[in-house]
Amino acid sequence: MLSQLPLFAGGEIVRGFGRGSKELGIPTANFPLEVVKSLPESLPTGAYYGWANVDNGPVYKMVLSVGWNPFYNNKEKSVETHMLHDFNCDLYGQILKICIVGYLRPERSFDSLEALIAAIREDIEQAKAFLDEADKGKLKEAPFFSEKLSSSK
């Protein structure tokens, strides 16, 4: 499935578990379950990097988690996007669009919250470097980011 990247998806931002900002200090924008279920079954769970925007605004670098978040024993699969931009406001109800560009690592559990946070911080640093590569940077300009979504994809 990774050979099929980039992968584009979009939908309304909904409330997640409330852990991103509060416990991790890493706020995330979450898709509703129908968007999560629309992703290819063959997409491996884990951490990814790419581009994202909110309500057709500026496009920012992002990292995202696709999966079950074993550290928290989630019952539902989720897609949680952390944009490398400080919005200073809630984004609930706005439209998030993502372009998944590459795979960082498989999903796994962690021995502690600190270990999870350290892994996410490393994901962020790797994503920044990968997205500075010319071939990956071109995807920031994809027409998808300025198009109106006809439905949750």
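As a convention, each chain's residues are numbered from 1 in the sequence order in which they are written. Where totals are concerned, whole chains, interfaces and linings use all residues; where local detail is concerned, this predicted model gives features only for residues with pLDDT of at least 70, and gives and counts side-chain atom pairs only at 80 or more. As a rule here, side-chain values cover all heavy atoms of the structure and leave hydrogens and water aside.

### Thoughts on the side chain of Asn53
The helix count covers DSSP runs of H or I at least four residues long, the strand count covers runs of E at least two residues long, and both are numbered beginning at the N terminus. Within the secondary structure layout, Asn53 lies in strand E3 (residues 46-54). Within the structure, the side chain of Asn53 is placed 3.1 Å from the backbone oxygen of Gly57, a separation counted as a polar contact. Two N or O atoms count as a polar contact when they lie within 3.5 Å, although within protein this holds only if one can serve as hydrogen donor and the other as acceptor, and sequence-adjacent residues are included solely when both atoms are side-chain atoms. Among the polar contacts listed, one links the side chain of Asn53 to the backbone oxygen of Phe145, at a separation of 2.9 Å.

### Some remarks on helix H3 (residues 113-131)
To estimate the expected span of a helix, subtract one from its residue number and multiply by 1.5 Å. The terminal C-alpha atoms of H3, which comprises 19 residues, lie 27 Å apart, in line with the 27 Å expected from a rise of 1.5 Å per residue. Three exposure classes are used, based on accessible area relative to the maximum for each residue type with a 1.4 Å probe and protein chains only: buried under 20%, partly exposed in between, and exposed over 50%. Within the span of H3, buried status applies to Leu116, Ala119, Ile120, Asp123, Ile124, Ala127 and Leu131. Each buried residue of H3 sits inside an arc of 145° when the element is viewed along its axis, so together they form one side. Working definition: the arc comes from the directions between the helix axis and the C-beta atoms, pointing outward to the latter.

### Regarding the nonpolar core
Think of a nonpolar core as a cluster: buried Ala, Val, Leu, Ile, Met, Phe, Trp, Tyr and Cys residues, connected wherever their side-chain atoms sit within 4.5 Å. In this structure, Leu64, Met83, Leu96 and Ile98 are the most contacted members of the largest nonpolar core, which totals 22 residues. If you list the elements that add at least two residues to this core, you get strand E1 (7-12), helix H2 (33-38), E3, strand E4 (60-67), strand E5 (78-83) and strand E6 (95-106). Sequence-distant contacts of Leu64, that is, excluding residues within four places in its chain, are made with Gly46, Ala47, Tyr48, Tyr49, Val79, Glu80, Thr81, Ile98 and Ile100. One finds Leu24, Cys99, Leu104 and Leu116 within the second-largest nonpolar core, a separate group that totals 21 residues. Should any heavy atoms of two residues lie within 4.5 Å, those residues are counted as being in contact.

### Concerning the side chain of Ser78
Within the secondary structure, Ser78 is located in strand E5. Overall, the relative accessible area of 10% leaves Ser78 in the buried class. Among the polar contacts listed, one links the side chain of Ser78 to the side chain of Glu80, at a separation of 3.4 Å.

Function cannot be inferred from these measures alone, as they are strictly geometric.
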